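An overview of the molecular structure
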Amino acid sequence: MTAVVTDLTPRQRTWTAFRRNPLGLASAAILLALAVIALCAPLIAPFPEGYGEDTFQPPSAEHWFGTDDIGQDVFAQVIWGTRVSMAVGLSASVLAIVIGLVVGICAAYFRRLDTPLGVLVDLSLSLPVLPLMILVAALAGPSVRTLVVVIALFSWPEVARVVRSSAMAIVPMPFVSAAKVIGGSAFWIVRKHLVPGVVPVVGVSVVLTTSRAVLAEAGLSFLGLGDPNSWSWGTILHKAQQSGALASAWWTTLFPSLAILLLVLSTTLLSVAYNDARNHRSAS
Amino acid sequence: MRFVVTRLLRGLLTLWFAVTVTFFLVRLLPGDPVLAVADPNMTEELRAKLLADFGLDQPLGVQYLNYLAQLVQGNLGMSFRQSIPVTTVLMDRLPWTLILTGSAMLVTIVLGIPLGVLAATRAKGWVDRVIQLTGVTAQSLFVPSVGIFLMYVMGVTLGWFPIGGAVDLDATGPAAWLSMLHHLVLPCLSLVLIQLGGYVLTMRSTLIEALGEDYVALAKAKGVKPRAVVWKHALRNALLPTTTIAGLQLGTLVGGAVLTETIYAYPGIGRAIYEAVGQLDFPVLQGAFVLLAAAVVAANLLTDVAYGILDPRVRTS
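Values in this document were obtained by computation on a predicted structure and should not be read as measured data.

**Focus on the overall build of chain A**
Of the regular secondary structure elements, chain A holds 14 helices and zero strands. Dimensions of chain A, computed from C-alpha atoms along their principal axes, come out at roughly 75 × 55 × 30 Å. Relative to its 284 residues, chain A shows a buried fraction of 49%. If you sum the accessible surface of chain A, you get close to 13,400 Å²; carbon and sulfur atoms cover 67% of it.

**Here's the deal with the UniProt feature "domain: ABC transmembrane type-1" (unreviewed entry) in chain A**
Listed under "domain: ABC transmembrane type-1" (unreviewed entry) in the UniProt record, and renumbered for this structure, are residues 82-271 of chain A. The straight-line gap between the two end C-alpha atoms of residues 82-271 of chain A is 21 Å; of that span, 84% is helix and 0% is strand.

**What to know about empty space enclosed by the protein**
Residue and element names in this part refer to chain A. Tallying each qualifying case throughout the model produces three cavities of 30 Å³ or more. What the largest cavity holds in volume is close to 60 Å³. Forming the boundary of the largest cavity are Phe56, Asp68, Asp69, Gln77, Trp231, Ile236, Lys239, Ala240, Ser243, Ala245 and Thr252. In terms of residue class, the lining of the largest cavity is built from five nonpolar, three polar and three charged.

**Concerning the environment of Gly287 of chain B**
Residue and element names in this part refer to chain B. In this fold, Gly287 is placed in helix H12 (residues 282-310). Each C-alpha atom, one on Gly287 and one on Phe3, is 30 Å from the other, the two residues being 284 residues apart in sequence. Excluding its chain neighbours within four sequence positions, the residues that come into contact with Gly287 are Leu76, Val86 and Leu90.

**A look at the nonpolar core**
Core analysis: the largest hydrophobic core is formed by 118 residues, its most contacted members being Ile134 of chain A together with Leu90, Ile273 and Leu285 of chain B. Both domains that furnish three or more residues to this core are identified here as domain 1 (1-73) and domain 2 (93-314) of chain B. Contact partners of Ile134 of chain A, with chain neighbours within four places excluded, come to Leu220, Leu223 and Leu225 of chain A together with Val258, Ile273, Val277 and Leu285 of chain B. If you look at the next biggest cluster of nonpolar residues, it comprises 17 residues, including Ala108, Ala167, Met168 and Val190 of chain A.

**Things to note about the interface of chain A and chain B**
Tallying the contact residues gives 40 residues for chain A and 40 residues for chain B. Both faces considered, chain A and chain B share a buried interface measuring about 3,600 Å² in area, 84% of it formed by carbon and sulfur atoms. At the junction of chain A with chain B, the criterion picks out three residue pairs in polar contact (both at pLDDT 80 or more). Only helix H6 (111-125), helix H7 (129-140), helix H11 (186-225), helix H12 (233-242) and helix H13 (251-278) of chain A provide two or more residues apiece to the side of chain A that touches chain B.

**Focus: the environment of Leu127 of chain A**
Position of Leu127 of chain A relative to the elements: it lies in the loop between H6 and H7. Between the C-alpha atoms of Leu127 of chain A and Phe154 of chain A, which are 27 residues apart in sequence, the distance is 9.9 Å. Look past the residues within four positions of Leu127 of chain A in its chain and what remains in contact with it is Thr14, Phe17, Ala18, Phe289 and Ala293 of chain B.

**Brief notes about the pattern of salt bridges**
Pairing between side chains of opposite charge can happen when their charged atoms approach one another. Residue and element names in this part refer to chain B. According to the stated counting rule, one finds five salt bridges over all chains in the structure shown. For Asp304, the salt bridge is made with Arg7, and the minimal N-O distance between the two is 3.1 Å. Taken together, the residues Asp304 in helix H12 and Arg7 in helix H1 (residues 2-28) connect sequence positions 297 residues apart. Between Glu275 and Arg271 there is a salt bridge, with the nearest N and O atoms lying 3.4 Å from each other. Here Glu275 pairs with Arg271, and both are found in helix H11 (residues 269-279), just four residues apart, close to one helical turn. The network of salt bridges with shared partners includes Arg93, Arg271 and Glu275.

**Focus on the UniProt feature "transmembrane region" (unreviewed entry) in chain A**
All names here are of chain A. Per the UniProt record, "transmembrane region" (unreviewed entry) is annotated on residues 23-45, 87-110, 168-190 and 254-274. Across residues 87-110, helical content stands at 96% and strand content at 0%; the span's end C-alpha atoms are separated by 34 Å. For the annotated span residues 168-190, helix accounts for 70% and strand for 0% of the residues, and the straight-line distance between the end C-alpha atoms is 12 Å.

**Quick look at the packing of aromatic side chains**
Residues and elements named next belong to chain A. A complete count under the given rule lists 11 aromatic pairs over all chains for this structure. Ring-pair connections join several aromatic residues into one group, and the members of that group are Phe65, Phe75, Trp250, Trp251 and Phe255. Above the face of the Trp231 ring, Lys239 is positioned so that its terminal group lies 4.3 Å from the ring centre.

**Remarks on unusual backbone geometry**
Residues and elements named next belong to chain B. One non-glycine residue, Ala265, lies in positive phi territory at about 50°. Along the chain, Ala265 falls in the loop between helix H10 (250-264) and H11. Note on Ala265: relative accessible area 34%, which makes it partly exposed.

**A closer look at the packing of helix H10 (residues 174-181) of chain A against H11 of chain A**
Residues and elements named next belong to chain A. At a closest axis distance of 10 Å, the pairing of H10 and H11 adopts a crossing angle of 150°. Considered as vectors, H10 and H11 are oriented roughly antiparallel to each other. Note on packing geometry: the crossing formed by H10 with H11 is right-handed. Only Trp188, Ile189 and His193 of H11 make contact with H10, whose side of the interface consists of Phe175, Val176, Ala179 and Lys180.

**Focus on the UniProt feature "transmembrane region" (unreviewed entry) in chain B**
Residues and elements named next belong to chain B. The UniProt feature table records "transmembrane region" (unreviewed entry) at residues 12-30, 96-120, 141-161, 181-201, 245-267 and 287-310. Between the end C-alpha atoms of residues 96-120 the distance is 35 Å, and the span holds 100% helix and 0% strand. Taken end to end, residues 287-310 is 100% helix and 0% strand, and its first and last C-alpha atoms sit 35 Å apart.

**A closer look at the domain arrangement of chain B**
Residue and element names in this part refer to chain B. Here chain B is described as being made up of domain 1 (1-73) and domain 2 (93-314). One C-alpha centre belongs to domain 1, the other to domain 2, and the line joining them spans 33 Å. Facing the 17 residues of domain 1 at the interface are 13 residues of domain 2. When the two sides are added together, the surface that domain 1 and domain 2 hide from each other amounts to roughly 1,200 Å², 76% of it contributed by carbon and sulfur. Where domain 1 packs against domain 2, one counts one salt bridge. The interface formed by domain 1 and domain 2 includes two residue pairs in polar contact (both at pLDDT 80 or more). Here the side of domain 1 that touches domain 2 gets 13 residues from one element, more than from any other, and that element is H1. Grouping the amino acids of the side of domain 1 that touches domain 2 by side-chain chemistry returns 12 nonpolar, three polar and two charged.

**Some thoughts on H12 of chain A**
Structural remark: α-helix, 3.6 residues per turn; residues separated by three or four positions point the same way. Burial analysis of H12 of chain A places eight of its 10 residues in the buried class, which makes it a mostly covered element. Considered for burial, the residues of H12 of chain A that qualify are Trp233, Gly234, Thr235, Ile236, Leu237, His238, Ala240 and Gln241 of chain A. In this structure, the buried residues of H12 of chain A make contact with helix H5 (74-109), H11 and H13 of chain A together with helix H6 (143-157), H10 and H11 of chain B.

**Quick look at a nonpolar patch on the surface**
On the surface, Met1, Val4, Val5, Leu8, Leu9 and Leu12 of chain B cluster together into a nonpolar patch covering about 590 Å² of accessible area. One can find Val4 of chain B in helix H1.

Rules behind the numbers
- Residues numbered from 1 in each chain as written.
- Chains lettered and ligands numbered in written order.
- Predicted model: local features only at pLDDT ≥ 70, side-chain atom pairs only at ≥ 80, totals over all residues.
- Heavy atoms only, no water.
- Helix = DSSP H or I, 4+ residues; strand = E, 2+ residues; numbered from the N terminus.
- Buried < 20%, exposed > 50% of the residue type's maximum accessible area, 1.4 Å probe, protein only.
- Areas by Shrake-Rupley, 256 points an atom, 1.4 Å probe, with all protein chains shown as cover.
- UniProt positions renumbered as here; feature names shortened; annotations may be inferred.
- 1 Å grid on protein atoms, 1.4 Å probe; cavity = no way out; pocket = protein on both sides within 12 Å on 5 of 7 lines; lining within 4 Å.
- Points joined across faces, edges and corners; volume = space filled by probe spheres on them.
- Nonpolar A, V, L, I, M, F, W, Y, C, P; charged D, E, K, R; others polar.
- Contact = heavy atoms within 4.5 Å.
- Core = buried A, V, L, I, M, F, W, Y, C linked by side-chain atoms within 4.5 Å.
- Domains from an automatic or database assignment.
- Buried area = accessible area lost by both parts, 1.4 Å probe.
- Polar contact = N/O pair within 3.5 Å; in protein donor to acceptor, adjacent residues only side chain to side chain.
- Salt bridge = Lys/Arg side-chain N within 4 Å of Asp/Glu carboxyl O.
- Phe/Tyr/Trp six-rings, centres within 6.5 Å; stacked < 30°, edge-to-face > 60°.
- Lys NZ or Arg CZ within 6 Å of the ring centre and 35° of its normal.
- Axes fitted to C-alpha atoms, helices over the stretch in contact; angles between N-to-C directions.
- Parallel < 35°, antiparallel > 145°, perpendicular 65-115°, else oblique.
- Left-handed = near helix turned anticlockwise from the far one by under 90°.
- Patch = residues over 30% accessible without salt bridge, like charges linked within 9 Å, V, L, I, M, F, W, Y side chains within 5 Å.

Here it is in structure tokens:
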């Protein structure tokens, strides 16, 4: 058995180990289902707008998740909210990863930049991020684009720190020196040697940064800084808070809350499973 | 002493960074700079007068130095909705936020230590699995969801605790203190639930590491009782790294407090932020961030110094 395992490439070994983890597989399936819901939202429910006749109806066969203070269907809100919450989370995370990757690799490869960039990252990480995001989002005016940029702007230092520490381990390797000796440009060395080396770390980072971005989006929208023209899970909670439904209509807050929990929990478990699968020594 | 001074300088640097970032973000964002000091619905003359009054017609560098000079004197500008200094608005609110976050931190530590010990001493057993999975789940919770859930179940349905405010205004003397505690339970519990996971998981892994050290083997060989080995020998050393987690989680704690105070109408800085968002009161938002950043920096400084006193090795690094 061990002979077979050692014949596999590291990637195949990771995949084999990952497939044996039921929690990881279930998380991946849930994320896939949420992505399908986000993409197919128009096919599942009509966009919630206008006023309905039945206000504050508890869940029924007609309104699965009940209705809110102006008679809109909460099920439709949650379905359409999946779209915005996931889109904002994913775009903010991709943007944060790109910035973090550039900063982290520059800090590791160009020694002179290490101290200033390191100080910048340390300083950013020691500030309370949510109040800062609130200030900037309020000034820039609420929109989906604002949310993406604001969340990315304050999420990249975490990524940069992780990328830097893993790139630091690659820079002193003989093949990097060899690449320098044969006259490779800094850009070529970074692209050919450093970026591939940090990709596994970045993979985990994408997942975790996305879940944090989803939480940040929900928090900002809950405080009233979401896009007023679209639905996100945080916006549903914000409207429930404003209409005074928190203490009476449990269904207006329970379902968006469950959606957030489902997404964040499955991303967390997925990254744990991926880490375990990649870490062959601890798995055996 | 040199250690304390270095840490103090680092804290001041962080604070300066926070202030500078907000100053330039506010000025460089596409919005109207006058929005940062006054109402958008005003005449052109008034606008020009305000620009001059607040020094906004001067070069950016001069504005920045003025801003720093005002800040050092504790002046955070005027709230344009309430026409009183931002410092006054926020200082009234600060004690409530400190009570809420302080009590949440205390309860988290008091619950986190025994839970971490329980998981570490039964590592790989089912108790450990349950604690680990619950810890990961708790870290994925959205603060308002937890707050709303607790409010609905323990406040509305069971009626055990009040669901809003910080104190019964009619109560006096000891009754007022009791009412304060009574109002504190649900918001505090919401913060504890989201914080606890991180503490327990860190406590667990550092304690497992400590239990593998030579001095633990020695203590066991000497015939020290297993309970004493864990609580007296290993735990003491495992507690040190856990104090750094307290510092790292301060940002999360403050963010959580903003959201929790919003739900429970708890009159702290977080609720002030929520109200200021609704009224587009930018000076209050900016001041709240600066004040919260200062609180986090101060708390970090305290943990650092405490760590240095407990563990002399840190002082030299």
